[in-house]
Amino acid sequence: MNGVKISVVAEDGKPVDDATSGADGKWEVPVPKAGKYKVTLDTSTLPAGVALKFKDRSTLDVQVYEGSVRNVLFALARAGAKGGAAPAADDGGTSFWDRVAPLTFEGFNLGLIIALAAMGLSLVFGTTGLTNFAHGELLTFGAMCAYFFNVVVGVHLVWAALLSVVIGGIFGYGQDRFFWGRLRRRGSSLVAMMIISIGLALFLRYVFLFFFGGEGAPFADYNAQPGVQVGPISAAPKNFVAMGIELLVLVIVGVALLKTRIGKAARAVSDNPALAASSGINVDQVIRIIWTVGGAVASLAGVMLGLSQNVSYQMGFQILLLVFAGVTLGGLGTAFGALVGSIVVGLFIQLSTVVVPTELKTVGALLVLILVMLFRPQGILGRRERIG
């Protein structure tokens, strides 16, 4: 959108510079240093028939970090009769499809990230019965490891992500080897272990806060990529590559569960640990391998989440509800159920913004949890069990 005026003011009120958007709608304002800035769009320079979608969002507060580029987007819509934003057409025209198609893509992207996290959580629950509320911190741990190697050490993000996955697997192994395994051997109840996991989550979260700080920060690589247009979808190349990697990892883990000896042993332990032990399967070793895989996959999920948003100390906690919703919807203890449930949750959350405000989209995850527990508590791919 050509000719729209943008002004940038520093946090102390000192003007920085003005810019005018080009024919492609892009603009750029160099800032003197890292810090907080106010970016204001002059609505009087908008073309006829166009208005801000949200009238109170003409000024945005943004945080700019040293050596990085910060994208600032203003949501626009067709102007109504009184100059306000008019609702998008939903009569089957292209405007409705142009809105739904990107949301569907974003839903798949979010769903695959949730699936990576949910698969590890579901496998741990299936083999141990533990509902681990500290699983979100495994995502944060993975993202922060990648951030350390990428931003602090200077390693490229691809290698930083690989190192993060390896360290996440070691962290998962260590948790079971020196903590959860000992609690199981001491006969701790599942309820007690669940409560302990809540305390562990709080402890790790504030450790991350102490070392990382309260502000979010991006990775050093793949920050400001120009969008690639694929039909009605415009997304950065990193999103397409990330989705490919996520699908590949999920397929590899799924095939390993079905075809390898370890995978078959894990499914046997999940079905009946006592029977698996009596048939010669080392249950503790299988559980330890599951924790290692779960930690590695969760670290990868944290890196992918940090790639789509800033890395922060509570990023795992913020997505934990969606992970539980995906696991519950798909079926507790089933890896493929976690995948299906997570995709459904991701699509539901993003597509719900067509009819509800963006701020309320996560409420859909709570609705999914409630409805599933009411009408199909075993989940989509879960099995009914007799109790008693």
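As named in an unreviewed UniProt entry, the protein is Branched-chain amino acid ABC transporter permease, taken from Microbispora tritici. What UniProt records for the protein under Sequence similarities (unreviewed entry) is the sentence "Belongs to the binding-protein-dependent transport system permease family. LivHM subfamily." On record in UniProt, under Subcellular location (unreviewed entry), the comment for the protein is "Cell membrane".

Student: For this particular structure, what's the right way to read the overall build of the protein?
Tutor: On a plain count of helices and strands, the protein comes out with 11 helices and 8 strands. Buried positions account for 43% of the 388 residues belonging to the protein. Pairs at least 24 residues apart make up 67% of the contacts formed inside the protein by residues separated by at least 6 positions. Summing over all exposed atoms, the protein offers an accessible surface of approximately 20400 Å²; the carbon and sulfur share of this is 64%.

Student: Please explain the sheet that holds strand β1 (residues 5-10) as it appears in this structure.
Tutor: Strand pairing in a sheet relies on backbone hydrogen bonds. The paired strands run either parallel or antiparallel. The 4 strands are arranged β2-β1-β3-β5 in an open sheet whose pairing can be described as antiparallel. At either margin of the open sheet sits one strand with a lone partner, and together these are β2 (15-20) and β5 (59-64). Averaged over all pairs of adjacent strands, the angle between strand axes in this sheet comes to 25°, irrespective of strand direction. Pairing of β1 with strand β3 (residues 35-41), which is carried by 5 bridges, proceeds in the antiparallel orientation. By the bridge assignment, Ser7 is partnered in β3 with Thr40.

Student: In this structure, what is going on with the confidence of the model for the protein? I would like to understand it.
Tutor: This prediction gives the protein a mean pLDDT of 79; 84% of its residues lie at or above 70. The low-confidence segment residues 81-94, where pLDDT is below 50, has 22 contacts with residues more than four positions distant or belonging to other chains.

Student: Please explain the packing of aromatic side chains as it appears in this structure.
Tutor: In this description, a pair of aromatic rings is defined by centroid distance and the angle of the planes. Applying the stated criterion across every chain, the model contains 8 aromatic pairs. Note on Phe210 and Phe211: the rings are 5.1 Å apart at their centroids and 90° apart in plane angle, and the pair reads as edge-to-face. Like Phe210, the residue Phe211 is exposed in the burial classification. Grouping aromatic residues by their ring pairs yields a cluster made of Phe179, Trp180 and Trp291. One residue, Arg205, lies across the ring of Phe317, its end atom 4.1 Å from the ring centre.

Student: Sorry, what's going on with the nonpolar core here?
Tutor: General note: in soluble globular proteins, nonpolar side chains tend to be found buried as a group. Of all hydrophobic cores here, the largest spans 79 residues; its most connected members are Ile319 and Val323. Sorting elements by how many residues they give to this core places helix α1 (residues 94-128) first, with 14 residues. Among residues more than four places away in sequence, those in contact with Ile319 are Ile113, Ile114, Leu139 and Leu305. Core analysis: the next-biggest nonpolar cluster, separate from the first, contains 16 residues, Val4, Ala19, Leu60 and Val62 among them.

Conventions we followed
Residues numbered from 1 in each chain as written. Predicted model: local features only at pLDDT ≥ 70, side-chain atom pairs only at ≥ 80, totals over all residues. Heavy atoms only, no water. UniProt positions renumbered as here; feature names shortened; annotations may be inferred. Helix = DSSP H or I, 4+ residues; strand = E, 2+ residues; numbered from the N terminus. Buried < 20%, exposed > 50% of the residue type's maximum accessible area, 1.4 Å probe, protein only. Contact = heavy atoms within 4.5 Å. Areas by Shrake-Rupley, 256 points an atom, 1.4 Å probe, with all protein chains shown as cover. Pairing = 2+ DSSP bridges. Axes fitted to C-alpha atoms, helices over the stretch in contact; angles between N-to-C directions. pLDDT = per-residue confidence, 0-100. Phe/Tyr/Trp six-rings, centres within 6.5 Å; stacked < 30°, edge-to-face > 60°. Lys NZ or Arg CZ within 6 Å of the ring centre and 35° of its normal. Core = buried A, V, L, I, M, F, W, Y, C linked by side-chain atoms within 4.5 Å.

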